Amino acid sequence: MKRFRVTLLVVCLVLGWLGFNDLTLYFRNPTPQNITIEALVQQGAPREWLKVEGGYRDLLQAINMSGTVDVTSFLVPLKRSEKDDNLQIWFESRDPKILNALKTYYFDLDTDADRAKFVEENKQLFMGRYDLSGMTVSSLVADSNRGKLKELLTKMNIPVSEKAIFISEGKVPSNLRGLFFVAIALLGLGKLLYDLLKKTRKEVTTQD
């Protein structure tokens, strides 16, 4: 019984910590922070939820994150200009337009001429100006994901800056998971406290 209580206490504390982190993230980001890509590169991310303005996406340097034909997302560089070689900002995209365009480019077209023609016909999509909205990685779990993304780029022989910023496109902060974790943690702690008080009253009654 004592071991069960210790285990329950640890689980409650972990859930409470996770819930607290989610809720503080939510309250830190009531709205997306507007920032230019130049400022983001120079100063880093001021908050987790961002709207990055003035960037250029480069689908020709996008990385297939699954490594298979069954593609569900691409890691796409966001640059300060079309010719910028400093690939410091990357975003994970699940946009159907991007997925379909890259699948067509890599898997359906057979010649370089066909690919060049396809890119020219879809130049705005492949290399056009793009304002990005999403959330940067944060928390211990996200830091682990950030490490995996850097490892993926390294395997593709792409230089990765220590200041690289990864953004999950379209992601927004939510308080639902945080509220759930905190509620479960409080219920668990409440049960532990109730059992402890019950045990104390029983011991006092026995002594009397």
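Heads up: the structure comes first, above all this text.
What you see is a predicted model, and the numbers here were worked out from it, not measured in a lab.

The rules behind these values
- Residues numbered from 1 in each chain as written.
- Predicted model: local features only at pLDDT ≥ 70, side-chain atom pairs only at ≥ 80, totals over all residues.
- Heavy atoms only, no water.
- Helix = DSSP H or I, 4+ residues; strand = E, 2+ residues; numbered from the N terminus.
- Buried < 20%, exposed > 50% of the residue type's maximum accessible area, 1.4 Å probe, protein only.
- Contact = heavy atoms within 4.5 Å.
- Phe/Tyr/Trp six-rings, centres within 6.5 Å; stacked < 30°, edge-to-face > 60°.
- Lys NZ or Arg CZ within 6 Å of the ring centre and 35° of its normal.
- Polar contact = N/O pair within 3.5 Å; in protein donor to acceptor, adjacent residues only side chain to side chain.

A.B. asks: Lay out the environment of leucine 192 in plain terms, naming residues and giving numbers.
C.D. replies: Relative to the assigned elements, leucine 192 resides in helix α7 (residues 176-207). We classify leucine 192 as buried; its relative accessible area is 16%. In sequence terms leucine 192 and valine 6 are 186 residues apart; their C-alpha atoms lie 9.4 Å from each other. Apart from the residues lying within four places of it in its own chain, the contact partners of leucine 192 are Arg5, Leu8 and Leu9.

A.B. asks: Give me the packing of aromatic side chains: which residues, what numbers.
C.D. replies: All chains considered together, the criterion is met by six aromatic pairs. For the pair phenylalanine 118 and phenylalanine 126, a centre-to-centre distance of 5.8 Å together with 85° between the ring planes defines the contact as edge-to-face. Exposure class is identical for phenylalanine 118 and phenylalanine 126. Each is buried. Three or more aromatic residues link up through ring pairs in this structure, and these residues are Tyr105, Tyr106, Phe118 and Phe126. Sitting over the face of the ring of tyrosine 130, arginine 57 holds its NZ or CZ atom 4.1 Å from the ring centroid.

A.B. asks: Kindly report on the side chain of asparagine 29, identifying the contributing residues and their values.
C.D. replies: Inspection of the secondary structure assignment puts asparagine 29 in the loop between α1 (2-28) and β1 (33-36). Note on asparagine 29: relative accessible area 1%, which makes it buried. Of the polar contacts made by the side chain of asparagine 29, one reaches the side chain of arginine 47; its length is 3.4 Å. Residue contacts for asparagine 29: discarding those within four places in its chain leaves Arg47, Glu48, Trp49 and Pro173.

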